[in-house]
Amino acid sequence: MKYSVEWKDNALQLLDQSRLPHEERYDVLSTVSEAADAIREMRVRGAPAIGVAAAYGVVLAARESEGGTSEVRKAAIMAAIDRLATTRPTAVNLFAALNRMSTALARSEPADITSRLLAEALLFHDEEKEATSAISSNGASLVPEGATILTHCNAGAIATAAHGTALGAIIHAYRLGKVKRVIATETRPLLQGARLTVWELVNEGVPTTLITDSMVGHVMHMMGVDCVIVGADRIAANGDVANKIGTYGIAVLAHAHNVPFYVAAPFSTIDMSISDGQQIAIEQRRETEVTTFGGQPVASGGSDVLNPSFDVTPNSYVTSIITERGILSAPYLSALSAMAKNQGRKRG
Ligand code: MRU
């Protein structure tokens, strides 16, 4: 298993996912500005990995501020938190991580700002690691024997703190001998499926078939798929799910073919502060991601171009949400509220 985010030698080490699968390069980042650029440019990507990288980005800001008065330092670190918050709008894990770091900052004493923030980032990272392990085994329990599973985008170890969410469940089920084949969509326009999911699955020895996004209906109709498992970038209180663009179409096709559609995500991806998916900010990315391929222009030109990076799948298409705290089914508002409350009690 490859880790994509590590704190090592007082620096943030990131596997540059934009270079995969052709090159495995770890970048060593020592400033918050480098961390913010890495998130914005998707050298680190995947909702949980973004959250963990941002938490360490705040530690880098604390290190950069050393030498100033505590007031000046706290103002500089808050500015860094605000800056990190502008990098990508959809994955709520980013904001969950930054909220934790700003609470830790508020509670820190002048003499221990950096060590307090580093301890919080390491704790957040550990919690996310543990969550992916529980999600993997919870998700694997839903996979039938001899299953053909379809997944979209990349929700593997490199998109998280460890193990992965959707891909963690799939690989766990494979190790239990339950998986016959995984169908991975290429995931236009940035090819997270073709570049990253296939790379991770093949490295684990899982029989994998790559398809283009437009083949999903045909494959469900003609070849048969036993379940779909995808990750999420933000889940609203009513169970509406924002995930990589194309997920909604796959959910509708799964519904039409009576295929269970599972969403695997840590609790840090659940946003109880918004009632439904309409309120989720959808990141709009550069037109050139659509009009070019491998750096070469492919579109005729003269048209408008849309490039939303995520879509929202209504909760009615979601068979279950797999979290580290258990597997939830509709009605999601009551199920998610009860789970959030229980966790609050355990912590408090
Ligand atoms: O734009 P990306 O590559 O960051 O989008 C990633 C996804 O949509 C993943 O499915 C999601 O973040 C879950 S990762 C465990």
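Remember, predicted model here, so these are calculated numbers, not experimental data.

A word on helix α6 (residues 166–175)
Here's step 1: Judged by how many residues are buried, α6 sits mostly within the fold: 7 of 10 residues are covered.
Here's step 2: Buried residues of α6: A166, L167, G168, A169, I170, I171 and A173, and no others.
Here's step 3: For α6, the elements touching its buried residues are α5 (113–140), β4 (147–151), β5 (179–185), α7 (192–203), β7 (227–230) and β10 (261–264).
Here's step 4: Positive phi shows up at G177, right after α6, with a value of about 85°.

What about the site of the ligand?
Here's step 1: Close contacts around the ligand come from 18 residues, with R45, R88, D233, N243 and K244 the closest.
Here's step 2: R45 places a polar side-chain atom, nitrogen or oxygen, 2.5 Å from an oxygen atom of the ligand.
Here's step 3: In this structure, an oxygen atom belonging to the ligand sits 3.0 Å away from a main-chain N or O atom of G46.
Here's step 4: If the ligand stood free it would expose 410 Å²; the protein chains cover 99% of that surface.
Here's step 5: Placement of the ligand is best described as lying within the largest cavity.
Here's step 6: Secondary-structure elements contributing two or more residues to the shell around the ligand are α2 (47–64) and β9 (241–244).
Here's step 7: For the shell around the ligand, the class distribution of residues is 8 nonpolar, 6 polar and 4 charged.
Here's step 8: Formed jointly, the shell around the ligand draws a minimum of three residues from each of two domains, domain 1 (5–133) and domain 2 (136–347).

Describing the side chain of T160
Here's step 1: For T160, the location among the structural elements is in the loop between β4 and α6.
Here's step 2: At a separation of 2.9 Å, a polar atom in the side chain of T160 contacts the main-chain carbonyl oxygen of A162.
Here's step 3: Setting aside residues no more than four positions away along its own chain, T160 makes contact with S4, P48, A49, T132 and T165.

Remarks on the environment of V52
Here's step 1: Relative to the assigned elements, V52 resides in helix α2.
Here's step 2: The exposure class assigned to V52 is buried, which follows from its relative accessible area of 1%.
Here's step 3: Not counting the four nearest positions on each side in its chain, V52 is found in contact with V5, F124, H125, E128 and A161.

Rules used in this analysis
- The numbers attached to residues start from 1 for each chain and follow its sequence in the written order.
- Whole-chain, interface and lining totals are the exception, using all residues; otherwise, since this is a predicted model, local features are given only for residues with pLDDT of at least 70 and side-chain atom pairs are given and counted only at 80 or more.
- For the side-chain quantities, the full set of heavy atoms in the structure was used; hydrogens and water were omitted.
- Here the term buried applies to any residue with accessible area under 20% of the maximum for its type, exposed to any over 50%, and partly exposed to those in between, with areas from a 1.4 Å probe on protein chains only.
- The helix count covers DSSP runs of H or I at least four residues long, the strand count covers runs of E at least two residues long, and both are numbered beginning at the N terminus.
- Here, residues are in contact when the closest pair of their heavy atoms is within 4.5 Å.
- Near is defined per residue: the residue qualifies when any heavy atom it owns lies within 4 Å of the molecule or strand.
- Two N or O atoms count as a polar contact when they lie within 3.5 Å, although within protein this holds only if one can serve as hydrogen donor and the other as acceptor, and sequence-adjacent residues are included solely when both atoms are side-chain atoms.
- Note on areas: Shrake-Rupley with a 1.4 Å probe; residue coverage comes only from the protein chains shown.
- Only protein atoms enter the 1 Å grid, on which a cavity is a set of points fitting a 1.4 Å probe that cannot get out and a pocket is an open set with protein on both sides within 12 Å along at least 5 of 7 lines, lining residues being those with an atom within 4 Å of a point.
- Pocket occupancy is defined atom-wise: a molecule lies in a cavity or pocket when more than half of its atoms are within 2 Å of its grid points.
- Gly falls in the polar group here, along with every residue not listed as nonpolar (Ala, Val, Leu, Ile, Met, Phe, Trp, Tyr, Cys, Pro) or charged (Asp, Glu, Lys, Arg).
- Segmentation into domains, and thus their bounds, comes from an automatic or database assignment.

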